[in-house]
Amino acid sequence: QKWGRYSGLVLLLPHGYEGQGPEHSSARIERYLQLAAEENMQVCNPTTPAQLFHLLRRQILRKGRKPLIIFTPKGLLGNPNCVSSVNEFTHGGFETILGDGEVPKGEAERIVLCSGRIYYDLNAERHSREVKGCPIIRIEQLYPFDCEEFKRQMAQYQGLRRLIYVQEEPQNMGALKSLESELLRLVPKGAELVVVSRGASASPATGSPRKHKKQYAEIMERVFG
């Protein structure tokens, strides 16, 4: 702003809780979101190859130039479920919020809301427990938060009693602090917002695979138990 220059800077930051230690999850989502205001940047956590493609394409084609921060979990590189069809690349565009194509629109007492690679863990757990009628909605763009699209997604389900926001980061990290006020404002009438995360921590992640698995099991139990 001082020199009247635009910046199209793109940062690809490895970030994902896979039990490999703090260096795999130290992108510090919360710090970028603290810097985000007045639509000065974009902070995104895409979960499919097509979403990443359209996000980068949008960055090049859009008229304005703003920094783009992208969180890129290493674990999704070899995840057999993290795939996109050719049609998804050649049609459409980047979606700020991804709905759940597996759960029919209609009645849903609870909706799970998440961002990033934890979606694949939640979806696998949902299938293993044979949980029905529990949509999982992904926030692909953390900032600017798309309030209108969020309301549109919520309007597709009736009878909602609980909106469960799940993050893999500790409670004092991740997107929680930034999103919580928005979610509380937009949660459908008659429903409560429930937050599920790891406990507050001084380190981005534990260095113990055993403790990591225990934390993971606790998160899944709190969501689907």
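Scroll up for the structure.
Everything in this summary refers to the structure shown in the same document. From a predicted model like this one, the values you see are computed outputs, not experimental measurements. Within any chain, residue numbers begin from 1 and follow the written order of that chain's sequence. Totals for whole chains, interfaces and linings use every residue, but because this is a predicted model, local features are given only for residues with pLDDT of at least 70 and side-chain atom pairs only at 80 or more, for both listing and counting. Excluding hydrogens and water, the side-chain figures rest on all heavy atoms present in the structure.

Each helix is a run of H or I in the DSSP string that is no shorter than four residues. Each strand is a run of E no shorter than two, and both are numbered from the N terminus. Of regular secondary structure, the protein chain possesses seven helices and 11 strands. On C-alpha atoms alone, the protein chain measures out to a radius of gyration of 17 Å, which is about the 17 Å that the 2.2 N^0.38 rule sets for 225 residues. Once the C-alpha set of the protein chain is aligned to its principal axes, its extents read approximately 55 × 40 × 35 Å. Expressed as a percentage of the 225 residues in the protein chain, the buried residues total 47%. Per-residue and other accessible areas were derived by the Shrake-Rupley procedure at a 1.4 Å probe size, with only the shown protein chains allowed to occlude residues. By element, 51% of the accessible surface of the protein chain is carried by carbon and sulfur atoms, the whole surface being about 12,100 Å². Under the convention used here, Asp and Glu are negative, Lys and Arg are positive, and both His and the chain ends fall outside the count. Every charge is mapped to an atom, namely NZ of Lys, CZ of Arg, CG of Asp or CD of Glu. Averaging the locations of the 31 positively and 25 negatively charged side chains of the protein chain gives two centres separated by 4 Å. Computation of the radius of gyration draws on C-alpha atoms, with the globule rule given as 2.2 Å multiplied by the number of residues to the power 0.38. Residue burial is assigned from relative accessible area. The probe radius is 1.4 Å, only protein chains are included, and a residue is buried under 20% of its type maximum, exposed over 50%, and partly exposed in between.

Let's shift gears to the environment of V43. You can see V43 is positioned in strand β2 (residues 42–44). Exposure remark for V43: the relative accessible area of 0% places this residue in the buried category. Considering only alpha carbons, one finds V43 and I118, 75 residues apart in sequence, at a separation of 17 Å. Contacts between residues were defined by any pair of non-hydrogen atoms, one from each residue, lying within 4.5 Å. Those residues in contact with V43 that lie beyond four places of it in its chain are Y32, L33, I69, F71, Q141, L142 and Y143.

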